Amino acid sequence: MINFDTTPIASLIEAGYTFADMQTYVIVMIALVVLMTIADLLHKGSTTYFFNAAAKAEAQLAAGNADCSVGKEDTRLTQLSAGDKAGILVSTIVTDVATAGEFHNPVRRLVHILTMYGFILFNAATAMIIFGEAETATLATVWNLGAIMLLVGSFWFWFSFKVDGQAEGVAWNSITLRKDMFSLSLMGTSLTALGWSIYGGGTGVWFALVLLSTASLFGGVYWSKFSHMFFKPAAAYNKRIIQANGTNENLPHETRFGGATPEDDDFQKNRHSMELLVDAPMDMGLGIKREAPKHY
Amino acid sequence: MKAYKTIVEDNIDILVVGAGLGGTGAAYEARYWGRNKKIVIAEKANINRSGAVAQGLYAINCYMGTRFGENNPEDHVRYARIDLMGMVREDLLFDMARHVDSAVHKFEEWGLPLMKDPKRENAEGLAKGAYMREGKWQIMIHGESYKPIVAEAATKQADKVYNRIMVTHLLMDDAKDNRVAGCVGFNVRTGNYHVFKSKATIVGAGGASNIFKPRSVGEGAGRVWYAPWSSGSAYGLMIDAGAKMTQMENRIVLARFKDGYGPVGAYFLHLHTYTQNGYGEEYESNWFPELEERVGKRYLNTEASHVSARPIPTCLRTSAIISEINAGRGPIHMVTMEAFQDPHLEEVGWENFLGMTVGQAVLWAATDIDPKFINPELTTSEPYVMGSHATGCGAWCSGPADLSPPEYFWGYNRMTSVEGLFGAGDAVGGTPHAFSSGSFTEGRLAAKAACQYIDDGKAEGIVVSDKQIADRKAQIYQPLETYRIGRNEIVAGTVSPSYILPMPGLQRLQKIMDEYCGGVTVSYMTNDKLLNMGMQKMSIMEEDLEKLGAEDIHQLMRAWELKHRHRTSECVFQHTFFRKETRWPGYYYRGDAMKLDDDNWHVLTVSHRDRDTGAYTMQKAPCYHLVNDE
Amino acid sequence: MPTFVYMTRCDGCGHCVDICPSDIMHIDDKYRRAYNIEPNMCWECYSCVKACPHQAIDVRGYADFAPLGHSVRTIRDEEKGTIAWRVKFRDGRVKNFLSPITTQPWGTKIPDFRNEAEPSDEMRNSELLAFEPKYIRMDDGGLHTLESNKLSLKAGGEYHESL
């Protein structure tokens, strides 16, 4: 069915298109993504927001421990060095970006990884074939594999993991074009690319559908969630930074054990009513969080 | 119109409608007595956090402590009687008080953290190891997870728990008049129609907040004292089923911290804070002599109170605050600066909010109020109609065989006047001061009785016609259809000449109740003329409620909450008009009958709404009191 | 003080939608993240705040009466059995709290009545509830009745308050 050694890109050459034509198309797609992301940022003012938020956090850090009259502020506030920040950047890339670490639900994480790497492999292989002006068996395999991963991931997401499907009981066939544009474009791109491949390539209906899907995918960036792909790593990095420097968005740090220092642990153990936990096991298990959040 | 599925759950033995503290008690106990019975829960939200105990509690306000030699049940009955100016069901109260401790001891066993009294850790005799008392009836707890813990006890026993089901109507037996057959409603997520056919039904669907115009009307309308999701559904469901109600005039007005409505119990009892007017003066003595004259010495005797430490009824304290503010010497402050100097009391003072009413802590953080340096403001709230606090609205229920006099007994404990229909918690009238533990206890009592009702064969031969089910389905989804069709008339927006949306509808109800039934803008004053005018407006509103519109399933839920609130409010009007006296100054005043009238009104009020005509019949029921045997 | 959700922290997992007692936390159509659809029906019960695995939900006091600039945040840790609060005033003052939320591992001490012995006929015909009379006062005493406490119920308003 699927010949992993070739992609239908070869058939475009036979049909009379040059690599230059295809390179132009790819460049236009990339340009659309870049320009539309910038337009989105400017329009929303999100970069200003992020810079302001970062400045506010720095100010809070510089101000030091607050005046605390009940409980105690721990000594967690730390100015991070350049080395610290570099290390955090690496963690962010390795965990949050590369392995979709922000998702706690393991299946949802898997679905995201499949979709993400499928997308990357498929597009990278396409670009390398088109700009290298040659199709090797390896690149072709990567192209096909990427398309399959993207197909599985995006369809699995659509039928099982669309958030409003999970939490709100919304049916899988309830579609609103604008909000579902990104998901549908991914599904469309993978499906039509594989269809194009299986049904002999060429410049027929399948090819037209491929062009339509990719145009919608890359051209819809201004309206779809595509650009969130760029915001998420920044947000993940920021989250690790504030946890490391102790400001942690005003979240409390009091805990029964495993605090910043043994002195902190002692202090918390002796808080009002904490003696009720003196004989309690370290791990009390899960209560409400035991079950998936689908109680309807 | 979108086709919603019909999902039927049949052959239920015990159906629990509403899984708050009352409903969870019922589901839990039902399994003990009904080992092989089918027990099903239908809950509007998520059982793990639903109901008034969602954010937790910092005290259990109903605990006798007989094991520590502390109180007897009759002591609690007398306390509740005094606080409610005599108007209570003493059989039901005694019954609740004699059982409530067993629920509390089980809660502790399950993991609910109860504070211990360090002073009695090594006491002699019975008192050893006693819990930390806040006051005579209240013990202090860390109850942030009170609801999840109790919910698990219920879900473990139930056969099925349906979450996100808005129950709109009770089903009635088509074969035998005045017998309940289950309930119907819809799923707030999927929109599907759900039918529950059951032999016995226990309603624990909560009392009513937001039926009077709240003091804060913007976002702040959510910061009501009693949960905003308490939509009077227990009353709406039961009144519509033809159940008799009692004491629905007995709405409660609370003196609480201003705007946040944070609790004051621990402050008064544990921190020993006290109140002052805006000029730092004591003020109750300005008003008690006049009140004593109006209600009579048996209800307020300031001389005797000092000597005997007899508690002063909640409503009278509230009345003094209202009068002092109206006389221009507000605001009333809680003097906290002294108590908060003690670091332990300061910590408790804040924990009290964080474990029970977080909004108050948020408000103080927002306004830079540290009670160590500022004495915060108090206010009197808008009125609420419910039955487990210092108020006893609810269904007229039978008591237990061994306690109740003939007028109060008709076979099964906590059964309403509709056969097979039981109540628990706020749903039951005449049992104030139950709070969380007492509500759970009432659920337990109702469950045992409901199992007995079934075992006695009283639920045989129930028939629910397809017509009843189909009619209810059409009725339930009507607001969606009304909106869908009516929407075609206008361009956009919420204003339409042919339908009304739930939020504007609620605001109209709140305004009627506020202005005609004694809300905050009229300083809780009403009279016979205003009540009559109000009832007329309510009846016009009922016509308009046939034209409620709902844009989506969430709004459909709000629409039915409004219908339940409206039905509750209508009943409140009837009762308030019927009782021609001012029995609870501070809760409300009858301008045409400002004095307490024991000669004519030392009775409980009982109403019945005819299911077909909607007409109310009002009755006086005797008030029985515990007396010592000679 | 209604809730709001941080854009950079929410991933649309739906825990808040699932738990909200007021049915007001829902997933936004466009951003596929949660938000509060009806702040005037928000009790600030913090159920959603506590349920969120990413601490993506926070509370801003009701605009009717709460000035901006405050922060009351919490972490409810089921495994450790505690809840921690950090209250930050508008003027920067801070208070920190830690309390137990359970003394037993969750769900382990709750009976399943299907595994308990059936109540006897004597129990059924009495006024006792499960685990009673033992659990009323943790000794061998019986249930309080009118007889045992030497009381009776009398109709009407003629009674002495001292009794």
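Everything numeric here is computed off the predicted structure, so don't read it as measured data. Residue positions are counted from 1 within each chain, in the order its sequence is given. As a convention, the first chain written is A and the first ligand written is 1, with the rest following in written order. Only residues with pLDDT of at least 70 get local features here, since the model is predicted, and only at 80 or more are side-chain atom pairs given and counted; chain-wide, interface and lining totals rely on the full set of residues. Calculated side-chain values reflect all of the structure's heavy atoms, with hydrogen atoms and water omitted.

(A) Spotlight on the sheet that holds strand S13 (residues 377-380) of chain B. Residue and element names in this part refer to chain B. Two strands make a pair as long as DSSP finds a minimum of two bridges between them. Secondary structure is summarised from DSSP: a helix means a run of H or I of at least four residues, a strand means a run of E of at least two, and numbering begins at the N terminus for each. Read from one edge of the open sheet, 4 strands run S10-S13-S12-S11, paired in antiparallel fashion. Of all the strands in the sheet, the pair left with one neighbour each is strand S10 (255-257) and strand S11 (274-276). Across the sheet, the mean angle from the axis of one strand to that of its neighbour is 40°, orientation sign disregarded. Each axis is a line fitted through C-alpha atoms, and for a helix only the stretch in contact is used; angles between axes span 0 to 180 degrees, taken between their N-to-C directions.

(B) Main features of unusual backbone geometry. Residue glycine 330 of chain B is joined to proline 331 of chain B through a cis peptide bond whose omega torsion reads -5°. In this chain, glutamate 132 of chain C is followed by proline 133 of chain C through a cis amide linkage whose omega measures 0°. Within the secondary structure layout, proline 133 of chain C lies in the loop between helix H3 (121-125) and helix H4 (134-137). Phi at aspartate 368 of chain B is positive, roughly 55°, even though this residue is not glycine. Within the secondary structure layout, aspartate 368 of chain B lies in the loop between helix H11 (358-366) and S13. In the Ramachandran plot, glutamine 55 of chain C falls in the positive-phi region, its phi being about 50° despite a non-glycine side chain. Structurally, the position occupied by glutamine 55 of chain C is in the loop between helix H2 (47-51) and strand S4 (57-59). Accessibility expressed as a relative area gives 22% for glutamine 55 of chain C, which makes it partly exposed. Burial status follows relative accessibility: with a 1.4 Å probe on protein chains alone, a residue under 20% of its type maximum counts as buried, one over 50% as exposed, and anything between as partly exposed.

(C) Main features of the domain arrangement of chain C. Here chain C is partitioned into domain 1 (3-100) and domain 2 (113-161). Centre-to-centre, using C-alpha coordinates, domain 1 of chain C lies 44 Å away from domain 2 of chain C. Boundaries of every domain are those given by an automatic assignment or by a domain database.

(D) Local environment of the confidence of the model for chain C. The predicted model of chain C has a mean per-residue pLDDT of 93, with 97% of residues at 70 or higher. Scored as a whole, the predicted complex attains pTM 0.95, and scored at its interfaces, ipTM 0.96. Values of pLDDT, which run from 0 to 100, indicate the predictor's confidence residue by residue.

(E) Structural view of the packing of aromatic side chains. Note on aromatic pairs: the rings of Phe, Tyr and Trp (six-membered ring only in Trp) are paired at centre separations within 6.5 Å, and the planes decide the class, stacked below 30 degrees, edge-to-face beyond 60, tilted for the rest. One pass over the structure, following the stated rule, counts 49 aromatic pairs over all chains. Aromatic pair phenylalanine 119 of chain A and phenylalanine 218 of chain A: ring centres 6.4 Å apart, planes at 35°, arrangement tilted. A residue pair is termed long-range when its members are at least 10 positions apart, and phenylalanine 119 of chain A in helix H5 (residues 106-132) and phenylalanine 218 of chain A in helix H9 (residues 205-219) qualify at 99 residues. Classification of phenylalanine 218 of chain A as buried rests on a relative accessible area of 12%. Grouping aromatic residues by their ring pairs yields a cluster made of Tyr28, Tyr32, Trp33, Phe107, Trp110, Tyr146 and Phe440 of chain B together with Phe113, Phe131 and Tyr135 of chain C.

(F) Layout of the pattern of salt bridges. Residues and elements named next belong to chain B. What counts as a salt bridge is simple: a side-chain nitrogen of Lys or Arg found within 4 Å of a carboxyl oxygen of Asp or Glu. Scanning the model with the defined rule gives 74 salt bridges over all chains in all. Aspartate 75 serves as the salt-bridge partner of arginine 78, at 3.9 Å between the closest nitrogen and oxygen. Taken together, the positions of arginine 78 and aspartate 75, both in helix H2 (residues 73-83) and 3 residues apart, correspond to about one turn of that helix. For arginine 567, the salt bridge is made with glutamate 542, and the minimal N-O distance between the two is 3.0 Å. Of this pair, arginine 567 sits in helix H16 (residues 553-578) while glutamate 542 sits in helix H15 (residues 528-545), placing them 25 residues apart in sequence. Given a relative accessible area of 23%, glutamate 542 falls into the partly exposed group. Look at the salt bridges and you will find they share partners, linking Glu249, Arg298, Arg579, Glu581, Arg583 and Asp598 into a network.

(G) Focus on the nonpolar core. Think of a nonpolar core as a cluster: buried Ala, Val, Leu, Ile, Met, Phe, Trp, Tyr and Cys residues, connected wherever their side-chain atoms sit within 4.5 Å. One finds Ile14, Ile60, Tyr146 and Phe422 of chain B to be the most contacted residues of the largest nonpolar core, which totals 241 residues. Summarising the domain contributions, this core has at least three residues from each of domain 1 (3-100) and domain 2 (113-161) of chain C. Note on contacts: a residue pair is in contact if any heavy atoms of the two residues lie within 4.5 Å. If we skip the residues at most four places from it in the chain, isoleucine 60 of chain B touches Val104, Phe107, Leu112, Leu114, Trp137, Gln138, Ile139, Ile141, Tyr146, Ser436 and Ser437 of chain B. Ranked by size, the runner-up nonpolar core spans 19 residues in total, among them Tyr4, Tyr193, Val464 and Ile469 of chain B.

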